[in-house]
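Residues per chain are reported as follows:
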Amino acid sequence: MRLKSHIFVASLIRSVFVRGGYAAVLRKGAEEAGAIFIRQRGRSGYETLYAPAPQNFFNDEGDTSRRFEVRLRGAEAEDVERALSSEIRFDPDCWIVELELDDCGNLFDVVDDRG
């Protein structure tokens, strides 16, 4: 059974604060299984948008982990807003979590986006 979305988000937020960053829920989605999008803002002013990884990045049907892919990297805030608006239209039960932290390190699993 996959960790419920609201528990994953609460844990993520606590971990960010422990690292000295800031985190907030911008949009609360379905508590059980809502898709989670992570908006990371760095001091540079640019943003990275993480989205749920496609199913082909999971090892088997029993894999219950949450993995993310980089949807936008080094993007302007307006581009991230546009992408998130599109995701909300597609899935109104999604979560949006904002992090203000320069390095997400190992806060969550990111699939290899180098191809």
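Overview of the structure. (Residues numbered from 1 in each chain as written. Predicted model: local features only at pLDDT ≥ 70, side-chain atom pairs only at ≥ 80, totals over all residues. Heavy atoms only, no water.)

**Things to note about the overall build of the protein chain**
No. 1: When its secondary structure is counted, the protein chain shows 2 helices and 6 strands.
No. 2: Contacts in the protein chain between residues at least 24 apart in sequence constitute 71% of all its contacts with a sequence separation of at least 6.
No. 3: In the structure as shown, the protein chain presents an accessible area of about 6900 Å², 47% of it carried by carbon and sulfur atoms. (Helix = DSSP H or I, 4+ residues; strand = E, 2+ residues; numbered from the N terminus. Contact = heavy atoms within 4.5 Å. Areas by Shrake-Rupley, 256 points an atom, 1.4 Å probe, with all protein chains shown as cover.)

**Side note on the environment of Arg39**
No. 1: For Arg39, the position within the fold is in strand 2 (residues 36–41).
No. 2: Overall, the relative accessible area of 2% leaves Arg39 in the buried class.
No. 3: Taking C-alpha positions, Arg39 is 4.8 Å from Leu49, a pair spaced 10 residues apart along the chain.
No. 4: Of the polar contacts made by the side chain of Arg39, one reaches the side chain of Glu47; its length is 2.6 Å. (Buried < 20%, exposed > 50% of the residue type's maximum accessible area, 1.4 Å probe, protein only. Polar contact = N/O pair within 3.5 Å; in protein donor to acceptor, adjacent residues only side chain to side chain.)

**What about the sheet that holds strand 1 (residues 22–27)?**
No. 1: Strand order in the open sheet formed by 6 strands is 1-5-2-3-4-6, and the pairing between neighbours is mixed. The sheet is open, and its two borders are formed by strand 1 and strand 6 (109–110), each paired with just one other strand.
No. 2: Pairing analysis gives 2 bridges linking strand 4 (residues 67–75) to strand 6, with the strands arranged parallel. Residue Arg67 lies in a different strand from strand 6, and its bridge partner there is Asp109.
No. 3: The sheet strands contacting helix 1 (residues 5–18) are strand 1, strand 2, strand 4 and strand 5 (95–100), and the helix crosses strand 5 at an angle near 5 degrees.
No. 4: Sheet strands touched by helix 2 (residues 77–90): strand 1, strand 2, strand 3 (47–52), strand 4 and strand 5. Its angle to strand 4, the strand with the most contacts, is close to 145 degrees. (Pairing = 2+ DSSP bridges. Axes fitted to C-alpha atoms, helices over the stretch in contact; angles between N-to-C directions.)

**Describing the pairing of strand 2**
No. 1: Most of strand 2 is tucked away, with 5 of its 6 residues classed as buried.
No. 2: Strand direction decides the pairing type here: strand 2 and strand 5, joined by 6 bridges, are parallel. Within strand 5, the residue paired with Ile36 across the bridge is Trp95.
No. 3: Pairing of strand 2 with strand 3 involves 4 bridges; the strand directions are antiparallel. Counted as the bridge partner of Gln40 is Thr48 from strand 3.
No. 4: Counted between consecutive antiparallel strands, the loop separating strand 2 from strand 3 contains 5 residues, among which Gly45 sits at a positive phi close to 95 degrees.

**Here we look at helix 1**
No. 1: For helix 1, which comprises 14 residues, the first-to-last C-alpha distance of 20 Å matches the rise-based estimate of 20 Å (1.5 Å per residue) to within 8%.
No. 2: Ser5, Phe8, Val9, Leu12, Ile13 and Val16 are the residues of helix 1 that are buried. On an axial view of helix 1, the arc spanned by its buried residues comes to 130 degrees, and they lie on one face. Every exposed residue of helix 1 that faces more than 90 degrees away from the buried side is listed here: Arg14 and Val18.
No. 3: Where the residues of helix 1 are buried, they touch strand 1, strand 2, strand 4 and strand 5.
No. 4: Of the residues one or two after helix 1, Gly20 is the one with positive phi, at around 90 degrees. (Expected span 1.5 Å × (residues − 1). Arc of directions from axis to C-beta.)

So yeah, pure geometry; function would need other evidence.
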